[in-house]
Amino acid sequence: MKDNIKKILFLSLNILIVLGLLFLLGFSKERLSQKPCEERTIYIKSKNNNSFVEERDVYRILESFDSSGFKGREYTDIDILNLEQRITSLNEVEKAQIYLSSNGHLNIALETRTPILRVINMDGVSYYIDEKGKPMPFSNKFTSKVIVANGYIGGEDSEVVE
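Analysis parameters
Residues numbered from 1 in each chain as written. Predicted model: local features only at pLDDT ≥ 70, side-chain atom pairs only at ≥ 80, totals over all residues. Heavy atoms only, no water. Salt bridge = Lys/Arg side-chain N within 4 Å of Asp/Glu carboxyl O. Helix = DSSP H or I, 4+ residues; strand = E, 2+ residues; numbered from the N terminus. Core = buried A, V, L, I, M, F, W, Y, C linked by side-chain atoms within 4.5 Å. Buried < 20%, exposed > 50% of the residue type's maximum accessible area, 1.4 Å probe, protein only. Contact = heavy atoms within 4.5 Å. Phe/Tyr/Trp six-rings, centres within 6.5 Å; stacked < 30°, edge-to-face > 60°. pLDDT = per-residue confidence, 0-100. Pairing = 2+ DSSP bridges. Axes fitted to C-alpha atoms, helices over the stretch in contact; angles between N-to-C directions.

Engineer: I'd like a description of the pattern of salt bridges, backed by residues and values.
Structural biologist: Under the counting rule described, the total for this entry stands at six salt bridges. Between Lys132 and Glu94 there is a salt bridge, and its shortest N-O distance comes to 2.8 Å. With a gap of 38 residues between them, Lys132 in the loop between β5 (126–130) and β6 (135–137) and Glu94 in strand β2 (residues 93–100) connect regions that are remote in the sequence.

Given below as structure tokens:
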């Protein structure tokens, strides 16, 4: 008899905890959906201090989606998935994460690709090879201090052997 009462109390307590968490989650979601974006924070992680992507590049992308760069817009009006895909589509970006915080911040964290080799082929076409062996376009903004390979080397769309 006591075992049955203990099981019922244990089960009831677990159900109450789950219901309480669901209530709090629903309450916070409703509160966040009405919260305006007050600030934008950009974190750029790059190895070897490569400056292929700058904050102003990210701000330009934000402004292409919304003229105010989402400042003052409600969280529900911000299409995070499309924004993340657009930033990730930059050739210099390896991965990007965009998330909204409860204090009204739109946080953008991105990691840049790391070149390990610069290729200048016989036609004068210049590009980088990143640490994963994939071609990366040459940048007029920044020149990375890496080894240079030149001579008879295939074009930018030639297959790179790892």
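Engineer: Please set out the nonpolar core residue by residue, giving values where relevant.
Structural biologist: Counting 17 residues, the largest nonpolar core has Val58, Leu83, Ile87, Leu106, Ile108 and Leu110 as its most contacted members. Elements with a minimum of two residues in this core: α2 (55–65), α3 (80–88), β2 and β3 (105–112). Beyond its immediate chain neighbours, meaning those up to four positions away, Leu106 contacts Cys37, Glu39, Arg40, Thr41, Leu62, Phe70, Leu83, Ile98, Tyr99 and Leu100.

Engineer: Let's hear about the packing of aromatic side chains: which residues, and what values?
Structural biologist: Inspection of the entire model under this criterion finds two aromatic pairs. Seen from their ring centres, Tyr128 and Phe138 are 5.9 Å apart, and the 25° between their planes marks the pair as stacked. Residue Tyr128 is located in strand β5, and its partner Phe138 is located in the loop between β6 and β7 (147–151); the two are separated by 10 residues in the primary sequence. Residue Phe138 is classed as partly exposed on the basis of its relative accessible area of 29%. A connected cluster of aromatic rings, assembled from ring pairs, spans Phe52, Tyr128 and Phe138.

Engineer: Describe in detail the confidence of the model for the protein chain, supporting the description with residues and values.
Structural biologist: Averaged over the protein chain, the pLDDT score is 81; the fraction of residues at 70 or greater is 90%. Mean pLDDT per element in the protein chain: helix α1 (residues 2–33) is the minimum at 82, and β3 is the maximum at 90.

Engineer: Could you give me a rundown of the sheet that holds β7, with the residues and numbers involved?
Structural biologist: Strand order in the open sheet made by the four strands is β6-β5-β4-β7, with mixed pairing throughout. With one partner strand each, in any of the chains shown, β6 and β7 form the two edges of the open sheet. The sheet shows a mean angle of 35° between the axes of neighbouring strands, direction not considered. Where strand β4 (residues 115–121) lies against β7, five bridges are found, and the strand directions are parallel. If you follow Arg118 over to β7, its bridge partner there is Val148.

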